[in-house]
Amino acid sequence: MAHWLIKSEPSVWSWDDQVKAGAEGTRWDGVKNHTAKLNLMAMKRGEQVFFYHSNEGLAVVGIAEVIREAYPWEEAGPPWVLVDFRAVKPLPKPVTLAAVKAEPRLAKMSLVTSFRLSVQPVTDEEWDIVCKMGGL
C-alpha cells in the first residue's frame, strides 16, 4: 500500500475538524492542481495519509485513512475529483517542516522538494522516519 500526505490550512480545515468528522470522515475538496489530482486518483481505500497543517503550524499533525477512492467532484466539474478520509490518530509530537528539512534522510521527500503541492506521495522509508519523529 502507498502512503500520502495531504495539506490543509488549519483556519479552513484543521486536524481537529477532521477528528470531529468521526468515522464517516469527510470529502477532500478544493484540489485544483493536476499533479495533486493525479495523486488523489492513485489513492486506494485503506491507505494511510499524513495530515499536514499548511501556512499555520507547518507540521504533520495526524494520520488519516482513505475511506472512499476518487469520485467526480460534481460542483467543480471534470476533471476534478474528491477522495474521502477519516482521522485515525494524532501524532504525539507534531513533526514540523523545519524538522523534516533538518533530517538528511528526508531530503528527497516531496514535502521538501515540492512543498507547494497539496497532495503528495510518501515513500515507505519517509513514512517510517516521520512516524518515529512524531513519537509513533
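Scoring rules and cut-offs
Residues numbered from 1 in each chain as written. Predicted model: local features only at pLDDT ≥ 70, side-chain atom pairs only at ≥ 80, totals over all residues. Heavy atoms only, no water. Helix = DSSP H or I, 4+ residues; strand = E, 2+ residues; numbered from the N terminus. Rg over C-alpha atoms; globule rule 2.2 N^0.38 Å. Buried < 20%, exposed > 50% of the residue type's maximum accessible area, 1.4 Å probe, protein only. Contact = heavy atoms within 4.5 Å. Areas by Shrake-Rupley, 256 points an atom, 1.4 Å probe, with all protein chains shown as cover. Salt bridge = Lys/Arg side-chain N within 4 Å of Asp/Glu carboxyl O. Phe/Tyr/Trp six-rings, centres within 6.5 Å; stacked < 30°, edge-to-face > 60°. UniProt positions renumbered as here; feature names shortened; annotations may be inferred. Arc of directions from axis to C-beta. Polar contact = N/O pair within 3.5 Å; in protein donor to acceptor, adjacent residues only side chain to side chain.

Where an unreviewed UniProt entry is consulted, the protein appears under the name EVE domain-containing protein, with the organism given as Bosea minatitlanensis.

Asker: Please explain the overall build of the protein as it appears in this structure.
Answerer: From N to C terminus, the protein includes five helices and six strands. Reading the protein from its N end, one meets helices and strands in the order β-α-β-α-β-β-β-α-α-β-α. A compact globule built from 136 residues should have a C-alpha radius of gyration of about 14 Å, and the protein, at 14 Å, falls within 12% of that. Across its three principal axes, the protein shows a C-alpha extent of roughly 40 × 30 × 30 Å. When each of the 136 residues of the protein is scored for burial, the buried share is 47%. When contacts within the protein are restricted to residue pairs at least 6 apart in sequence, long-range pairs at least 24 apart make up 69% of them. For the protein, the accessible area works out to roughly 7100 Å², and carbon and sulfur atoms hold 53% of it.

Asker: Just checking my understanding: could you explain helix H5 (residues 124–133) for this structure?
Answerer: Because an α-helix packs 3.6 residues into every turn, residues spaced three or four apart end up facing the same way. Taken as a whole, H5 has its buried residues at Glu126, Trp127, Ile129, Val130 and Cys131. Along its buried surface, H5 packs onto strand E1 (3–8), strand E3 (48–53), strand E4 (59–72), strand E5 (81–96) and strand E6 (119–122).

Asker: Explain the environment of Val49 here, please?
Answerer: Position of Val49 relative to the elements: it lies in strand E3. With relative accessibility at 0%, the residue Val49 sits in the buried group. Excluding residues within four positions of it along the chain, Val49 makes contact with Trp4, Leu5, Ile6, Gly62, Ile63, Ala64, Val66, Phe85 and Trp127.

Asker: Even after reading the chapter, I still don't get the environment of Phe51, so can you show me in this structure?
Answerer: Mapped onto the fold, Phe51 is located in strand E3. On a C-alpha basis, the gap between Phe51 and Pro90 in space is 8.9 Å, while along the polypeptide they are 39 residues apart. Aside from chain neighbours lying at most four places away, what touches Phe51 is Ile6, Ser8, Trp13, Ser14, Trp15, Gln18, Trp28, Ala59, Val60, Val61 and Gly62.

Asker: Would you explain the pattern of salt bridges in this entry?
Answerer: Evaluation of the coordinates by the stated rule reveals four salt bridges. The closest approach of N and O atoms between Glu75 and Arg27, which form a salt bridge, is 3.3 Å. Separated by 48 residues along the polypeptide, Glu75 in the loop between E4 and E5 and Arg27 in strand E2 (residues 26–28) bring together distant segments of the chain.

Asker: Sorry if this is basic, but what is going on with the packing of aromatic side chains here?
Answerer: By convention here, two paired aromatic rings are described through the distance between centres and the angle between planes. Using the criterion set out here, one finds four aromatic pairs in the structure. Both rings, one in Trp15 and one in Phe51, keep their centres 5.4 Å apart while their planes meet at 65°; by these two values the pair is edge-to-face. Here Trp15, found in helix H1 (residues 15–20), pairs with Phe51, found in strand E3; they are 36 residues apart in sequence, far enough to count as distant. Judged by its relative accessible area of 7%, Trp15 falls in the buried class.

Asker: Looking at this structure, I do not really get the UniProt feature "domain: EVE" (unreviewed entry) in the protein. What am I missing?
Answerer: When the UniProt feature table is mapped onto this chain numbering, "domain: EVE" (unreviewed entry) sits at residues 2–133. Secondary structure across residues 2–133 comprises 27% helix and 37% strand; the distance between its end C-alpha atoms is 20 Å.

Asker: Whenever I open this one, helix H2 (residues 34–42) confuses me. Can you help?
Answerer: Within H2, the full set of buried residues consists of Ala36, Lys37, Asn39 and Leu40. All buried residues of H2 fall inside an arc of 160° around its axis, so they share one side. The N-cap of H2, judged by a side-chain oxygen 2.9 Å from the amide nitrogen of Thr35 a few residues on, is Asn33.

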